Amino acid sequence: MARAEATAAANPEAEFPASGRAVDSATAERQKKFYHDMLLIRRFEEKAGQLYGMGLIGGFCHLYIGQEAVVVGMQATLEPKDQVITTYRDHGHMLAAGMDPSGVMAELTGRSSGYSKGKGGSMHMFSREKNFFGGHGIVGANVPIGTGLAFANRYLRNGAVCITYFGDGAANQGQVFESFNMAALWKLPVVYVIENNQYAMGTAIRRSTAEVELFKRGSADDIPGEPVDGMDVEKVYEAGRKAVQWTREGKGPYVLEMKTYRYRGHSMSDPAKYRTREEVQQMREKHDPIDTFGARLVRNGVMRDDELKAVDREIRQTINHAAEFATDSPEPSPDELYTDVLK
Amino acid sequence: MTQILMPALSPTMEEGKLAKWNVKEGDTVKPGDVLAEIETDKATMEFEAVDAGRVAKILVPEGSEGVKVNTPIAELRQEGEESDAPPARVPATETKSIKQGAGPRPVEMHKPVPVRTPEKAVDRAAALPEEIPSGAEFVTMTVRDALRDALAEEMRRDDTVFLMGEEVAQYQGAYKVSQGLLEEFGDRRVIDTPITEQGFAGLGVGAAFGGLRPIIEFMTFNFAMQAIDQLVNSAAKTLYMSGGQMGCPIVFRGPNGPAARVAAQHSQDYSSWYAHVPGLKVVSPYFAADAKGLLKAAVRDPNPVIFLENEIVYGRSFPVPKLDDFVLPIGKARVIREGSGVTLVAHSISVGLIMDAAEELAKEGIEAELIDLRTLRPLDAETVIRSVKKTNRVVTVEQGWPVCSIGSEIAALVADEAFDYLDAPPSRVTGKDVPMPYAANLEKLALPSIADVVSAAKRVCYR
Ligand SMILES: Cc1ncc(C[n+]2csc(CCOP(=O)(O)OP(=O)(O)O)c2C)c(N)n1
Ligand SMILES: [Mg+2]
């Protein structure tokens, strides 16, 4: 696939009609799953916010609310052998990867039944089984690691691809540029997904970044890149499919810049003086990835309104169960303090 | 009916002021609407609705101070509560689901280290360096404000001093240490950076070579690991490598050590890392007066100074002298309590710990002598040795890991210079030799406690 082609095909309306026209059953199934998975992440994060407010979750807790379409659309392009690695804003990535909401929530509350036995917390969770490689607290540090996973894939000729997520703020770290060069040099199977939610903590992208079109970041190394509407799960899916195919075919890395938005504060203690309430409200009302997609499904006759509501009810139950599990589970045993330091 | 509880809005928040209600009884709200404004010691934050519903009752009026986290502040009736909501629908916000007994009790386990007040006579004397002239007046202020004042005073004094780091300007500092500085000094001298620690640390070194006096803030020292090459290979070594021509007058500062529940990658004490490096000075105060006087000294020092602060200590209040230009010498420890039973040595937040331990020990008839190191490099060996020669026993206390720690260094020093005076082997109380766990119970076990210090002190006293 040529680079020009990749950009042109980012318009998915040809394949996904905006309204009225019927979709085939495979597409309908995929779309229903998109809706379910995005809503699962939304409800999970709302609950995590509540538990934090009650003091049941401590430390940092970075919510993914607003960005759900990115990870849900991307995950649908992957095979089980493919890997995912991301930052501390990782709850959504874990749920999309199929990790158990109860196990994730129990890690947030620091209990023994959490994915890291309560020892990692919100920012540091992993699942070998689901090929989820964390959950990393140091901005930028997961990017060379994702590149290394891709290196291993090529070395082993296992056909797997690594999706490496990071933020607009992280995009400025030196090790990102170092990774791009190596990935391009050795044609590694990695897709770099920049989740450009416009802010790094309290810093709007324009105040930290000379060239704000982040999809161009790989151009010095001749890595193809494209901007994607990260509030539209189908557009994410379409762009992701092409990027994954490109890198799986051995053509080297690919950069996708997802234009997205976080509704909540950076972490829980965010005075939010760096943007207006109207800006947030505007995104919520006009571009919400779940509401707009739900409306589209109804318009296209894929799901009825009451079916959307039923999905919500079922998810709320799952999440309530996860919260109960996470608050009922015991803390790790004191012996765990000294385990897992070395093998 | 759902109770809305006073939220915890930061890792260290215990209580806050309910500054303002943005809704009144009877209002309907939807997710994202601002319910109230809540003031913590760090900031005023807006508290948003998570669920849709109608505000049925406001339980805590606006203007209420010291509202404890988890106190019910209002009641919300959710729309369609009866129809599609079985009772279990919103358990997390209902008081009944705050599990007691079965699991740990979340509110207590969330509690940060209690705030010390300087009311007690011993504390007040302890908090004041002897370098303060007699007759000086004092104000009580937080360590955060003392540091801020030091920065502002040095920037007023010398135009070549500037502050650079992530979120230092518009956001007023991630931990609010640089509050108001952008307003006073403008964006030429208070500069927000991209998240590029190695880049701006190295840029700071270059600016120092070029005649400026940079103060480089790391949001926390955990992130200085991205930049440590510039601190060690460039800042520390260049004077030597240039045969004395160059020199690098720069301050690298920020919070060091564990905060609360932020887990392994954000909870490390780097004291001994930097104390290891020739060509650096390393300062790590506890009290507000020391923080102020030593930061001013660090800015004026012609060498690179690593200035290690502590997030939890930022909010503690101590007396600070009202003097026009209060500068303390780098490299001097301070005896903050005299005693003859055992010497306890600490720096930064662990000074608070040895003060508490000393009270416990006094109840058991052991009078501890307490030393606040204040500077880690050059280490004030003389003050430590003098004390050990008097008490014949020493316990070191720090949050860092035990291997090659500040305590290891002091133990070696004491063995070297006061061996014949020792009645017991030196003892080290440190953070446990593991990455910091997230779980509340394990985190507590990983950190040195009053009980650890008391038991080590008793052990060296053979009690
Ligand atoms: C090396 C490093 N520097 C600073 C931080 C503190 N920090 C945590 S998240 C963050 C902002 C990152 O923003 P962005 O990359 O845009 O990701 P987002 O939070 O928006 O998802 C900062 C400065 C850190 N964790 N690591
Ligand atoms: Mg961002």
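Quick summary incoming for the structure in this document. (Residues numbered from 1 in each chain as written. Chains lettered and ligands numbered in written order. Predicted model: local features only at pLDDT ≥ 70, side-chain atom pairs only at ≥ 80, totals over all residues. Heavy atoms only, no water.)

Before going further, it helps to examine the coordination of the magnesium ion (ligand 2). Surrounding the magnesium ion (ligand 2) are the protein donor atoms A:Asp168 (OD), A:Asn197 (OD1) and A:Tyr199 (O), which sit 2.1 Å from the metal. A:Asp168 gets classed as buried once you look at its relative accessible area, which sits at 2%. (Donors = N, O, S within 2.8 Å, 3.2 Å for Na, K, Ca; no water. Buried < 20%, exposed > 50% of the residue type's maximum accessible area, 1.4 Å probe, protein only.)

Residues and elements named next belong to chain A. Where helix α5 (residues 101-108) contacts helix α12 (residues 305-328), the axes come no closer than 8 Å and their chain directions differ by 40°. Relative to α12, the element α5 lies oblique. The hand of the α5/α12 crossing is right-handed. Contact with α5, carried on its side by Pro 101, Ser 102, Gly 103, Met 105 and Ala 106, involves Thr 318, His 321, Ala 322, Ala 323, Phe 325 and Ala 326 of α12 and no other residues of that element. Of the residues that constitute the contact of α5 with α12, the class distribution is 7 nonpolar, 4 polar and no charged. (Axes fitted to C-alpha atoms, helices over the stretch in contact; angles between N-to-C directions. Helix = DSSP H or I, 4+ residues; strand = E, 2+ residues; numbered from the N terminus. Parallel < 35°, antiparallel > 145°, perpendicular 65-115°, else oblique. Left-handed = near helix turned anticlockwise from the far one by under 90°. Contact = heavy atoms within 4.5 Å. Nonpolar A, V, L, I, M, F, W, Y, C, P; charged D, E, K, R; others polar.)

Around ligand 1 sit 22 residues in total, of which A:Tyr88, A:Arg89, A:Ala170, A:Asn197 and B:Glu197 are the nearest. Residue neighbours of ligand 1 fall on chains A and B, so the site bridges chains. In this structure, an oxygen atom belonging to ligand 1 sits 2.7 Å away from a side-chain N or O atom of A:Tyr88. For ligand 1, an oxygen atom lies 2.9 Å from a polar atom in the side chain of A:Asp168. In the complex, the protein chains occlude 97% of the 580 Å² of accessible area that ligand 1 would expose alone. Considering only residue class, the shell around ligand 1 consists of 10 nonpolar, 8 polar and 4 charged. (Near = heavy atom within 4 Å. Polar contact = N/O pair within 3.5 Å; in protein donor to acceptor, adjacent residues only side chain to side chain. Areas by Shrake-Rupley, 256 points an atom, 1.4 Å probe, with all protein chains shown as cover.)

Once that is clear, we can look at the nonpolar core. Membership of the largest hydrophobic core comes to 80 residues, with the highest contact counts inside it found for B:Phe287, B:Val342 and B:Leu344. Among the elements that make up this core, the one with the highest residue count is helix α10 (residues 288-300) of chain B (8 residues). For this core, the domains that each give at least three residues are domain 2 (138-321) and domain 3 (334-460) of chain B. Discounting residues that sit within four places of it in the chain, B:Leu344 has contacts with B:Ile354, B:Leu361, B:Ala368, B:Glu369, B:Leu370, B:Ile371, B:Val395, B:Val453 and B:Ala457. If you look at the next biggest cluster of nonpolar residues, it comprises 66 residues, including A:Val104, A:Trp246, A:Tyr254 and B:Tyr438. (Core = buried A, V, L, I, M, F, W, Y, C linked by side-chain atoms within 4.5 Å. Domains from an automatic or database assignment.)

The next thing to look at is the pattern of salt bridges. For the structure shown, the criterion picks out 53 salt bridges over all chains. Across the pair A:Asp37 and A:Lys33 runs a salt bridge whose closest N-O atoms are separated by 2.7 Å. Placement of both A:Asp37 and A:Lys33 in helix α2 (residues 25-53) is noted, with a separation of 4 residues, approximately one turn of the helix. What makes A:Asp37 buried here is its relative accessible area of 14%. A:Glu307 is the salt-bridge partner of A:Arg304, the closest N and O atoms lying 3.9 Å from each other. Sharing partners across several salt bridges, the network here consists of B:Glu153, B:Glu154, B:Arg157, B:Lys292, B:Lys296, B:Arg300 and B:Asp325. (Salt bridge = Lys/Arg side-chain N within 4 Å of Asp/Glu carboxyl O.)

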